[in-house]
Amino acid sequence: MSRPVRIAVLGTAEFARRRMLPAFRASADVTVVSVASRDPARAAELAREYGCRAADDYAEPLADADVDAVYLPLPATMHAEWAGAALRAGKHVLVEKPAAMSGADAAELCALARSRGLALVENVLFLHHSQHRAVMRHVADGAIGRLQAFDAAFTVPRRPASDIRYDPALGGGALWDLGVYPLRAALDLLGPDPRPRLVGATARRDPADRVDTAGTALLDGGAGLALQLSYGLDHTYRSTYTLWGSTGRLTVDRAFTPPADHEPVLQLERAGVSTRLSLPADDQAGNAVTAFARAVRTRARPAPEIRRQAELLEAISLAGTAVHRAAPSVRDGRTPPADLAGR
């Protein structure tokens, strides 16, 4: 396929409007041919902005011969259903994380994609940022010695009660919305076909909330490698991970949602000496679009991390179901800038 991948967007979520639709428009590798929404007015508005067709039914683009692939920014509980429908319709799929909310659903999606020779890609943007690849190179080159531990956190301030992150019917909760980021970073660190073991997990749900608003998980990455993950929807903003080695430590701030103009700085500490490693700005959304187009053209097989991630998220959810009565928290009512607001 030498022409641009023709993509339909099923859903008009804020993240799609803010990050992915502009990235599609800026890319020479894809072209948006359709936007679907159950709100016809919103679909028509976006279709006018992007010069494409509008659909008021998610199924309509799946029957369109002009559509090669679909992007799914729907609520998490709808991801597996519509990704499966798209694959059965012969469309390649770019789906927001998590692709599925159970290991069984993820395994079924991956098997379906493999059997049809279609790309199934989970839209994990930070994996496509040059700072993440630079970290992996430093670790592989022995910059911190033998890797002993990994510590990652993604937390954001509380948002309005109407936000879908607080709706369990739509897959809300800190684990499904934010916990997926540090978990995926841990899986990527472990390499192809990662198989970490869940050691334990905690979750917190305040009496007024219907979903978990905070949690932690401890995984054993093998050979005693400890992977500690933290996430939350009622916190000060934090987006970071640290790799601890036998001879040094490497830390990344703004790890998961850096804007395209952000110039990353890695913090490397060895023998009591701290070194700042400056990196150029990079556009992880644009890179992710390019990578998806390449997966479509090569009919790439689904990454094993899709299934492993779903299995671990399910296990963490079950292990952390105990509800803890949290002490009253002080909230100043502020929300982070758009680029800091997670998804």
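Above this text is the structure in question.
Described in the following lines is the structure provided in the data block. (Residues numbered from 1 in each chain as written. Predicted model: local features only at pLDDT ≥ 70, side-chain atom pairs only at ≥ 80, totals over all residues. Heavy atoms only, no water.)

### Things to note about the pattern of salt bridges
Here is step 1: Tallied over the entire structure, the rule returns 23 salt bridges.
Here is step 2: A salt bridge links Asp66 to Arg6, with the shortest nitrogen-to-oxygen separation between them at 4.0 Å. In this pair, Asp66 sits in the loop between strand 3 (53-55) and strand 4 (69-72) while Arg6 sits in strand 1 (residues 5-10), placing the two residues 60 residues apart along the sequence.
Here is step 3: Using a relative accessible area of 38% as the deciding quantity, one classes Asp66 as partly exposed.
Here is step 4: You can call Arg6 partly exposed: its relative accessible area is 22%.
Here is step 5: Residue Arg297 pairs with Asp29 through a salt bridge whose shortest N-O separation is 3.2 Å. Taken together, the residues span a long stretch of sequence, with Arg297 in helix 7 (residues 284-298) and Asp29 in the loop between helix 1 (14-26) and strand 2 (30-36) at a distance of 268 residues.
Here is step 6: Its relative accessible area of 30% is what places Arg297 among the partly exposed residues. (Salt bridge = Lys/Arg side-chain N within 4 Å of Asp/Glu carboxyl O. Helix = DSSP H or I, 4+ residues; strand = E, 2+ residues; numbered from the N terminus. Buried < 20%, exposed > 50% of the residue type's maximum accessible area, 1.4 Å probe, protein only.)

### Quick look at the sheet that holds strand 7 (residues 147-155)
Here is step 1: Spatially, the eight strands line up as an open sheet ordered 8-9-10-7-11-12-13-14, and their pairing is mixed. Both edges of this open sheet fall to strand 8 (197-204) and strand 14 (273-278), since each of them pairs with a single strand only. Averaged over all pairs of adjacent strands, the angle between their axes in this sheet comes to 10°, without regard to strand direction.
Here is step 2: Of the pairings in the sheet, the one linking strand 7 to strand 11 (residues 238-245) comprises eight bridges and is antiparallel in character. Residue pairing for strand 11: Phe154 is matched across the bridge by Ser239. (Pairing = 2+ DSSP bridges. Axes fitted to C-alpha atoms, helices over the stretch in contact; angles between N-to-C directions.)

### Section: the pairing of strand 14
Here is step 1: Where strand 13 (residues 265-270) lies against strand 14, six bridges are found, and the strand directions are antiparallel. Residue Gln267 lies in a different strand from strand 14, and its bridge partner there is Arg276.
Here is step 2: What sits between the antiparallel neighbours strand 13 and strand 14 is a turn of two residues, in which Ala271 has the positive phi angle 50°.

### Looking at the packing of helix 1 against helix 7
Here is step 1: Following both chains from N to C, one finds helix 1 and helix 7 inclined at 60°, their axes separated by 9 Å at the closest point. With respect to helix 7, the axis of helix 1 lies oblique. Crossing hand, helix 1 versus helix 7: right-handed. Where helix 1 approaches helix 7, its residues Arg19, Met20, Ala23 and Phe24 are matched on the opposing element by Gln284, Ala285, Gly286 and Val289.
Here is step 2: Considering only residue class, the contact of helix 1 with helix 7 consists of five nonpolar, two polar and one charged. (Parallel < 35°, antiparallel > 145°, perpendicular 65-115°, else oblique. Left-handed = near helix turned anticlockwise from the far one by under 90°. Contact = heavy atoms within 4.5 Å. Nonpolar A, V, L, I, M, F, W, Y, C, P; charged D, E, K, R; others polar.)

### Topic: the pairing of strand 4
Here is step 1: Burial of the side chains of strand 4 extends over both faces: Ala69 and Tyr71 are buried on one face and Val70 and Leu72 on the other.
Here is step 2: As judged from the three bridges shared by strand 1 and strand 4, these two strands associate in the parallel manner. Looking at strand 4, one finds that Ile7 is bridged to Ala69.
Here is step 3: Bridging between strand 4 and strand 5 (residues 92-95) involves four bridges; their strand directions are parallel. Within the sheet, the bridge partner assigned to Ala69 lies in strand 5 and is His92.
Here is step 4: In terms of handedness, the path from strand 4 via helix 3 (residues 79-88) over to strand 5 forms a crossover that is right-handed. (Right-handed = clockwise from strand over helix to strand, strands pointing away.)

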